[in-house]
Structure formats: C-alpha cells, structure tokens
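Letter by letter, the chains look like this.
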Amino acid sequence: MTDIPSSPALATTTTAAPRPVLSVFDAVMIITGIVIGGGIFAFPPLVAGMTGSVEWMFGAWILGALLALIGALCYAELATTFPNAGGDYYFLTRAYGRDVSFFFAWARVTVISTGAIALLAFVFGDYMSRVLSLGEHSSVIYAVLIVILLTAVNIAGLRMSAKLQNVMSVLLVLGLLLVVIAGFVSPAAASAPSAAPTTGVPALFGTALLFVLFTYGGWNDAAYISAEVKGGNRAIVKVLVVSLLIITAVYLLFIAALVAGLGFEGLKASKQVAADVAQKAFGSFGEKSVGAIVALAALTSINATMLVTARTNYSLGNDWQIFAFMSRWNAERDAPIVAMVTTSVISLLIVLIAAANQGGVKFMVDFTAPVFWLFFLLTGIGLFVLRFRYAQIARPFKVPLYPILPIVFVGTCAFLLYRSLLFTFENQAIRVAIYVMLAGVVVWLVARLKKSA
C-alpha cells in the first residue's frame, strides 16, 4: 500500500522521504535496545516484594509479556495499514485529526522522549564515572558527551546508527546472559521456603504490574520505523513479535537466575541485583562487568530513542508550518538531520536543568506518565475508529480475535492511566504536567493563527 501523507500540502515541501533500508534484524535490534534499559536491573526486587511469592512474581512477568504482545499485535495492524515515520503521531492524526496528534507530538518532543534520553545519559554517566572519574561533575560531563556523540552517529546516517545499534544490542543481550550464568553457577544456600502463594491475588499485584510493564515499555516505537523496514508492510509484524519473544525469554531467564543466585528473600532485599549475583559468582571482575552492562543498556536505549524521536519531530514538521524546519529528510543519509539535532538540543537542555536540580530528570519523566498513557489509550481506541473510518483500505495484517484483544489493550492502558494519575497527584508532579501542556496550548494557538493568517 502506498503511504498517504497526513498533510499532503506540506508533505510536498520535502525533497526526500523515508525509504526501506533497515533489515528485520536491524529493526529487532533497535526495539530490543529501546526496551532493555535500566528497568530490568532496578525493578525485580520491587516486583518480588509486591507479589510476595515466586509463583506470583513470575505470574506478573509473564502476564506483562502477554499484555505487551497484545498491544504489539494492535500496533502491527496500525503500522502495516498506515506505515509512516510518525508512528503513534500519524495514527492519532488519521483517527482524530491534527489537533489531537499535535499535543501528543508536543509532549513527546518536549519531555517524554527527550527526558528519557537525558535520564539514560545520567545513568551512563554514573556508571562510567566509577570506571574513570572526570571530576566533581563527572556524570554531567559524560551525559553531555554521550548525547553529542550519539547525535553525531545518527547524523552520519541510518545505516551507521543501525550498525552501531546491532553491535550494542547483541553485546547487551550477551551481558544479561552473563548474569544468568552467574546466577546458576553459584546458587544461593538452601533456606526456608518462602510462604506459599495465597489463594487470592496479592493486594499489590496491580502495582507490581505497573513496574513490569514499564520494563517491557518501548516496543511500540517499532511503529516509527515501519516505513523503513525491508520486506513489505508485514515485516513490521515479524519485528514486533520476534523482539518481544527475545526480550521475554531474556527477562524470564534473568529473573530465574536472580532467584537461583540470591534466593527469593535475597532478591527482595537486594539493592543491585545484577551486581550482587555477578560479584558472588565471579568476584570483583563480575561486579565491574555488570557496571559495564548497565552502562551499555543506557547507551543502546539512548541511541534507539534518538532515532525514533527524531522521526516524530520530522512528522510534526510536515504537518505544522511553525515546525517546518524539522520536515527536511536527507536522502543520502536516510535521516531527518534537523529533527535529530532538535532532539539532541532539547535533551542537552534537560541534562543541564537536571544538573542544577538533582533528581530533576526523573521527576520530569515521572510526571509525563499520565500524558503518555492517555495518548497510548487514544491510540488503542483509534484502532476501532480507523477500522470504521477506513473500512475499505487493505489491511496486510489484522489483529487476531478482534475486538477482544484490542479491548484488553485499551483496558490495560486505562488502568495504567488511572494508576499514573494517582501517582502524580500524590507527589504533586501533575502541576508540571499541566504547565507543559499549557505551553503546548500556546504554541498550538500560535500555529493555528499562523495558518489562518
């Protein structure tokens, strides 16, 4: 199917457009690199503590994988029917119009994705500073340098970025498997069995599921490269399914190794699970190796997030004259260079703001959760809207068991929106979310006035 630009009048202003240059393997490595981030190193003890038993803990991780797969099947239908570099932005435009999608793009460009890049850059800086300190502001310096370096790699072109991503993602998976080996070769001493699972669902199971789904988050970014994957529209289905199968297998092996190496009670009490398991099996070498693995996880996520975020900026530039400077696509490098630089500049600004306010980046990322889940929910509902509105368009892939699976996906998004709203009201982060979206309203009004002038 030929891609239909969301705004033909503006789309014609570009001299080039995305084309299929990525292999399925390239795309799988990009998604794997986005998903396997810091969450898998930080959240297993929390999930273990909230679920209360090995059985319920594994139940949460398996259920999270199933829910992510259901969401991926819904996105596979959208991405094969409407392949576009804008991903969610494009789906929302087709379903609800440009005004709704504008606010999604605004939130993603200003904080959601760029804040995530900044946060990951600090994670990288923290771990690299343990290897080689650059002084009092070592973490900040590393964070700035890595954002600039990876921006240069992405500007060099999609092929260069994809090759680097392939190498880093393979090394990351191998690094996680090193922890798996460590857990099984040096098992924890036998201890009293943990309490038998209760007959009912643990009270905090829903909260545990939030952390699990956060750890699986990022698979939906496959939609942003759907127009750039070789093999036709159905290739993105393979990318989504294969990525999630690999990630799920690695995660479950990782969790099993943590239980084997630390014991369930030891897992709940651990502050740095991977380091504890590796140090127990391999001594200081293992501990340092885990530090390198965590830094690599941050690196792969930064690179992949930069790649897909720039494509949202590019699509926004095609649709809104006020952002037209981001609508240029470099055919030689297969990349939106100006959109990429814009992503980098905003990310660097957030890094500097966070440097002046310790913990600021995490706060900025946390407050965007309700906005993120709101638009995720709208995308899920948009599947039904687009089925009705564009009933005659060929669909290379249709989500199985329609409408049951899309309803499950929408219900999951609604639940997570509710839980994230409770969180933001508790820590008052909702105020910052309101300020960001109000700023978006101002820019939207200016854009509207400029269009009508």
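The structure contained in this document is the topic of the report that follows.

Digging into unusual backbone geometry
Looking along the chain, the bond that leaves Tyr402 and enters Pro403 is cis, with omega of 5°. Among the structural elements, Pro403 can be located in the loop between helix H17 (369–389) and helix H18 (404–426). Residues other than glycine seldom take positive phi values, yet Leu401 does so here, at roughly 55°. Among the secondary structure elements, Leu401 is positioned in the loop between H17 and H18.

Structural notes on the pattern of salt bridges
Considering all chains together, one arrives at 4 salt bridges under this definition. One salt bridge in this structure joins Glu77 and Arg387, with 2.8 Å as the shortest N-O distance. Of this pair, Glu77 sits in helix H5 (residues 54–81) while Arg387 sits in helix H17; the two residues are 310 residues apart in sequence, bridging distant segments of the chain. On the accessibility criterion, Glu77 (2% relative accessible area) is buried. A salt bridge links Arg395 to Glu77, with the shortest nitrogen-to-oxygen separation between them at 3.5 Å. In this pair, Arg395 is assigned in the loop between H17 and H18 and Glu77 in helix H5, connecting sequence segments 318 residues apart. Both residues of the pair, Arg395 and Glu77, belong to the buried class.

A word on helix H7 (residues 98–131)
The first and last C-alpha atoms of H7 sit 47 Å apart over 34 residues, in line with the 50 Å expected at 1.5 Å per residue. Arg108 marks where H7 bends most, by close to 50°. Across the 34 residues of H7, 24 count as buried, placing the element largely inside the fold.

Observations regarding the packing of helix H2 (residues 24–35) against helix H11 (residues 235–262)
At a closest axis distance of 9 Å, the pairing of H2 and H11 adopts a crossing angle of 45°. Classified by the interaxial angle, the pair formed by H2 and H11 is oblique. The two elements H2 and H11 cross, and the hand of that crossing is right-handed. Within the contact between the two elements, H2 uses Val24, Ala27, Val28, Ile31, Thr32 and Val35 and H11 uses Ala235, Lys238, Val239, Val242, Ser243, Ile246, Ile247 and Tyr251. Classifying every residue of the contact of H2 with H11 by side-chain character gives 11 nonpolar, 2 polar and 1 charged.

Cut-off values and rules
- Residues numbered from 1 in each chain as written.
- Predicted model: local features only at pLDDT ≥ 70, side-chain atom pairs only at ≥ 80, totals over all residues.
- Heavy atoms only, no water.
- Helix = DSSP H or I, 4+ residues; strand = E, 2+ residues; numbered from the N terminus.
- Salt bridge = Lys/Arg side-chain N within 4 Å of Asp/Glu carboxyl O.
- Buried < 20%, exposed > 50% of the residue type's maximum accessible area, 1.4 Å probe, protein only.
- Expected span 1.5 Å × (residues − 1).
- Bend = angle between axes of the 7 residues up to and from the residue.
- Axes fitted to C-alpha atoms, helices over the stretch in contact; angles between N-to-C directions.
- Parallel < 35°, antiparallel > 145°, perpendicular 65-115°, else oblique.
- Left-handed = near helix turned anticlockwise from the far one by under 90°.
- Contact = heavy atoms within 4.5 Å.
- Nonpolar A, V, L, I, M, F, W, Y, C, P; charged D, E, K, R; others polar.

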